[in-house]
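Residue strings, one per chain:
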Amino acid sequence: MNSTESSAFSQLDLPASQLENLERMGYTQMTPVQQQTLPAALAGQDIIAQAKTGSGKTAAFGLPLLSKINPRFFGVQALVLCPTRELSTQVAEEIRKLARFQANIKVVVLCGGMSIGPQIGSLEHGAHIVVGTPGRIKDHLRKETLKIDQVQTLVLDEADRMLDMGFTDDIHHIVAHTPANRQTLLFSATYPENIGQLSAEFQHNPLNVKVEAVH
Ligand code: ADP
Ligand code: MG
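Residues numbered from 1 in each chain as written. Chains lettered and ligands numbered in written order. Predicted model: local features only at pLDDT ≥ 70, side-chain atom pairs only at ≥ 80, totals over all residues. Heavy atoms only, no water.

Asks: Is there a simple way to think about the overall build of the protein chain in this case?
Replies: Regarding its fold elements, the protein chain presents 10 helices and seven strands. The globule rule puts the C-alpha radius of gyration for 215 residues at 17 Å, and the 16 Å found for the protein chain is close to it. Dimensions of the protein chain, computed from the C-alpha atoms along their principal axes, are close to 55 × 40 × 30 Å. Across the 215 residues in the protein chain, those meeting the buried criterion constitute 51%. The contacts of the protein chain with a sequence gap of at least 6 include a subset with a gap of at least 24, amounting to 71%. (Helix = DSSP H or I, 4+ residues; strand = E, 2+ residues; numbered from the N terminus. Rg over C-alpha atoms; globule rule 2.2 N^0.38 Å. Buried < 20%, exposed > 50% of the residue type's maximum accessible area, 1.4 Å probe, protein only. Contact = heavy atoms within 4.5 Å.)

Below you can see the structure in the form of structure tokens.
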């Protein structure tokens, strides 16, 4: 197999409609982090991956989480934690594009610095995927406006930044509300010791991937 064949999305266990969607998005070849994580992540394994900004991490967790969404069940089935509002908005936009192959998948963004009323309204209408910052998600759990006990995929995106920003306790609080048998995907640009601790606490037999920067 040459390198072009081994990085084609078509070798993954994805529906034909998703492969067409990826082609429409201009995604022909997987990036290195996608190539190294997607087969295991789509098979349900936990992943801890270190890769720099711009390496295509969003699709590396977006495709596995979408593959498990049941659109007919209007409960939160995937939760993505991000350090900032800007990153949450970007991730939600990318997931919405990746979700276009399948009708009626609702993605809701929950971040601080935005009024909480409309967020509660969106959640009442039913959300399949929630993307947001740990502080605001914890607020919604406290108010019981968000239920995450049916979450099948938990993503910690830019985990190193979330820890740097002081979200460690909030993350623990949130994870305690998710089912123990969830899939946990952890992405980080760096690998300080506290990331290893987070992985040991939240993950089962994770595949450890490190993508070296290509110069
Ligand atoms: P990261 O989270 O690692 O910083 P992103 O997921 O934001 O990276 O992706 C960076 C950019 O690359 C985005 O514009 C995204 O649309 C694009 N991208 C991701 N995967 C692919 C791919 N396989 N082919 C082409 N473009 C891609
Ligand atoms: Mg990213």
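Asks: Explain the sheet that holds strand S5 (residues 153-156) to me, please; I cannot follow it from the model alone.
Replies: To summarise the sheet geometry, strands pair through backbone hydrogen bonds and adopt either a parallel or an antiparallel arrangement. Strand order in this open sheet of seven strands is S3-S4-S2-S5-S6-S1-S7, and the pairing throughout is parallel. The sheet is open, and its two borders are formed by strand S3 (107-110) and strand S7 (207-210), each paired with just one other strand. On average, each strand axis in the sheet is inclined to that of its neighbour by 15°, with strand direction left out of account. Pairing geometry for strand S1 (residues 47-50) and strand S6 (residues 183-188), over four bridges, is parallel. Its bridge partner being in S6, Gln50 is matched across the sheet by Ser188. (Pairing = 2+ DSSP bridges. Axes fitted to C-alpha atoms, helices over the stretch in contact; angles between N-to-C directions.)

Asks: Help me out: how do you make sense of the pattern of salt bridges in this one?
Replies: When charged atoms on two side chains of opposite charge get close, those side chains can pair. Applying the stated criterion across every chain yields a total of four salt bridges. Here Asp139 and Arg136 are joined by a salt bridge, their closest N and O atoms 3.7 Å apart. Pair noted here: Asp139 and Arg136 are both in helix H7 (residues 134-143), with a separation of three residues, about one helical turn. Of the charged contacts, one joins Glu158 and Arg161 as a salt bridge, the two residues approaching to 3.6 Å between their closest N and O atoms. Residue class for Glu158 comes out buried when judged on its relative accessible area of 15%. (Salt bridge = Lys/Arg side-chain N within 4 Å of Asp/Glu carboxyl O.)

Just distances and angles here, no functional claims.
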